[in-house]
Amino acid sequence: MEISSAEFVVGAVGLNDMPGDGLPEVAFAGRSNVGKSSLINRLAKRRNLARTSSTPGKTQQLNYYRINGCLYLVDLPGYGFVHGGTDLRARLGSLTERYLTGRDTLQAVIQLIDARRGPTELDHVMVDWLRQSQISFLLVFTKVDKLSRGKEKQMLSAVESTGELAGTEYVTFSAVSGRGRVDVLKWIQQAVQQAGGTGH
Ligand SMILES: Nc1nc2c(ncn2[C@@H]2O[C@H](COP(=O)(O)OP(=O)(O)OP(=O)(O)O)[C@@H](O)[C@H]2O)c(=O)[nH]1
Ligand SMILES: [Mg+2]
């Protein structure tokens, strides 16, 4: 899949703001500052489609981007920074939680993890929850340009060996070099096709 058109549609602050046209949606989840907006920009080859910031917690609404007129990429608010509390629900924010549990058109989730830190406790909670909810998901390890190949291997083999995330599909990605971009796009296309859309 190649992205030929990408446009911002709405920054949803409530369920009623979300599009009602039934197009399939792929959502981007992960802690604040992990690189969700940067990934969307890189996929679309657009520098400023999604707003990025070095200040964590910048994206506080669900930002919808229509891709090729046939699907939405949804940039979710980052978790773990602005929202306090101990449970996932509280830390995700209630709108995101309601979106993830109740949105019929949500087809798949791209779960971002900072490659330098590896998965956090909350990342594990998210993945457990995605599995339980039977939502198809892809792990994307971001900012791999900031890691030596050796450190990267170490992190990935730790992930592979520690049970919970072993065997999970993943892509290593850099918004700086574009590494992993094609693989993420392929995965999105597949996810949308399985859902009955075309991705073209
Ligand atoms: N070196 C490097 N920096 C990155 C990469 N991806 C994102 N960044 C930087 O990390 C910071 C946060 O990126 P964003 O894309 O805004 O992160 P976000 O997940 O959308 O953050 P919130 O909207 O706050 O949840 C920015 O300064 C980006 O330039 C990457 O792959 N490599
Ligand atoms: Mg963002």
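Values in this document were obtained by computation on a predicted structure and should not be read as measured data.

**Let's talk about the overall build of the protein**
Scanning the protein from terminus to terminus reveals six helices and seven strands. Of the contacts formed within the protein by residues at least 6 apart in sequence, a portion of 70% connects residues at least 24 apart. Carbon and sulfur atoms make up 45% of the accessible area of the protein, which amounts to about 9500 Å² in all.

**Some words on the nonpolar core**
Buried together is how nonpolar side chains tend to be arranged in soluble globular proteins. The biggest cluster of nonpolar side chains holds 32 residues, and the ones touching the most others in it are Leu 62, Tyr 64, Val 74, Leu 76, Tyr 99, Val 109 and Phe 141. Among the elements that take part in this core, helix H4 (residues 121-132) stands out by supplying four residues, more than any other. Residue contacts for Val 74: discarding those within four places in its chain leaves Glu 25, Val 26, Ala 27, Phe 28, Leu 62, Asn 63, Tyr 64 and Tyr 99. Counting 30 residues, the second-largest nonpolar core is a separate cluster that includes Ala 6, Leu 71, Leu 138 and Ile 188.

**A word on the environment of Leu 147**
Relative to the assigned elements, Leu 147 resides in the loop between strand S6 (136-142) and helix H5 (149-161). Through-space distance from the C-alpha of Leu 147 to that of Ala 115 is 7.6 Å; in sequence the pair is 32 residues apart. Setting aside anything within four residues of it in sequence, one finds Leu 147 in contact with Ala 115, Arg 116 and Glu 152.

**Some thoughts on the sheet that holds strand S2 (residues 25-29)**
What the seven strands build is an open sheet, ordered S1-S3-S4-S2-S5-S6-S7; its pairing is mixed. The open sheet has two edge strands with one neighbour each: strand S1 (6-12) and strand S7 (170-172). For this sheet, the mean inter-axis angle between neighbouring strands, taken without regard to orientation, is 25°. Sheet topology note: the S2/strand S4 (residues 71-75) ladder contains four bridges and is parallel. Paired with Phe 28 across the strands is Asp 75, a residue of S4. Running at roughly 45° to strand S3 (residues 62-67), helix H3 (residues 94-102) makes contact with S1, S2, S3, S4 and strand S5 (106-114) of the sheet. Contacts from helix H6 (residues 181-194) reach S2, S4, S5, S6 and S7, with the element oriented near 155° to S5.

**Observations regarding the pairing of S5**
Buried residues dominate S5, accounting for eight of its nine residues. With five bridges joining them, S2 and S5 adopt parallel strand pairing. Within the sheet, the bridge partner assigned to Ala 27 lies in S5 and is Val 109. Pairing geometry for S5 and S6, over seven bridges, is parallel. For Asp 114, the partnering residue across the bridge sits in S6 and is Thr 142. Handedness of the crossover is the feature at issue here: the chain leaves S5, passes through H4, returns alongside S6, and the resulting connection is right-handed.

**Details of the layout of surface pockets**
Counted as a void, the second largest pocket has a volume near 200 Å³. Lining the second largest pocket are Ser 38, Asn 41, Arg 42, Lys 45, Arg 46, Arg 47, Thr 52, Ala 175 and Arg 181. The residue makeup of the lining of the second largest pocket, split by class, is one nonpolar, three polar and five charged.

**Focus: the pattern of salt bridges**
Using the criterion set out here, one finds six salt bridges in the structure. Here Arg 66 and Glu 7 are joined by a salt bridge, their closest N and O atoms 2.9 Å apart. In this pair, Arg 66 sits in strand S3 while Glu 7 sits in strand S1, placing the two residues 59 residues apart along the sequence. If you follow the salt bridges from partner to partner, you end up with Asp 114, Arg 116 and Arg 117 in one network.

**Remarks on helix H1 (residues 36-44)**
Across the nine residues that make up H1, a large majority, seven, are buried. Within the sequence span of H1, burial applies to Lys 36, Ser 37, Leu 39, Ile 40, Asn 41, Leu 43 and Ala 44. A positive backbone phi angle near 55° is found at Lys 45, which sits one or two residues after H1.

Reading the values: rules and limits
Residues numbered from 1 in each chain as written. Chains lettered and ligands numbered in written order. Predicted model: local features only at pLDDT ≥ 70, side-chain atom pairs only at ≥ 80, totals over all residues. Heavy atoms only, no water. Helix = DSSP H or I, 4+ residues; strand = E, 2+ residues; numbered from the N terminus. Contact = heavy atoms within 4.5 Å. Areas by Shrake-Rupley, 256 points an atom, 1.4 Å probe, with all protein chains shown as cover. Core = buried A, V, L, I, M, F, W, Y, C linked by side-chain atoms within 4.5 Å. Buried < 20%, exposed > 50% of the residue type's maximum accessible area, 1.4 Å probe, protein only. Pairing = 2+ DSSP bridges. Axes fitted to C-alpha atoms, helices over the stretch in contact; angles between N-to-C directions. Right-handed = clockwise from strand over helix to strand, strands pointing away. 1 Å grid on protein atoms, 1.4 Å probe; cavity = no way out; pocket = protein on both sides within 12 Å on 5 of 7 lines; lining within 4 Å. Points joined across faces, edges and corners; volume = space filled by probe spheres on them. Nonpolar A, V, L, I, M, F, W, Y, C, P; charged D, E, K, R; others polar. Salt bridge = Lys/Arg side-chain N within 4 Å of Asp/Glu carboxyl O.

Limitation: the analysis is restricted to geometry and does not speak to function.
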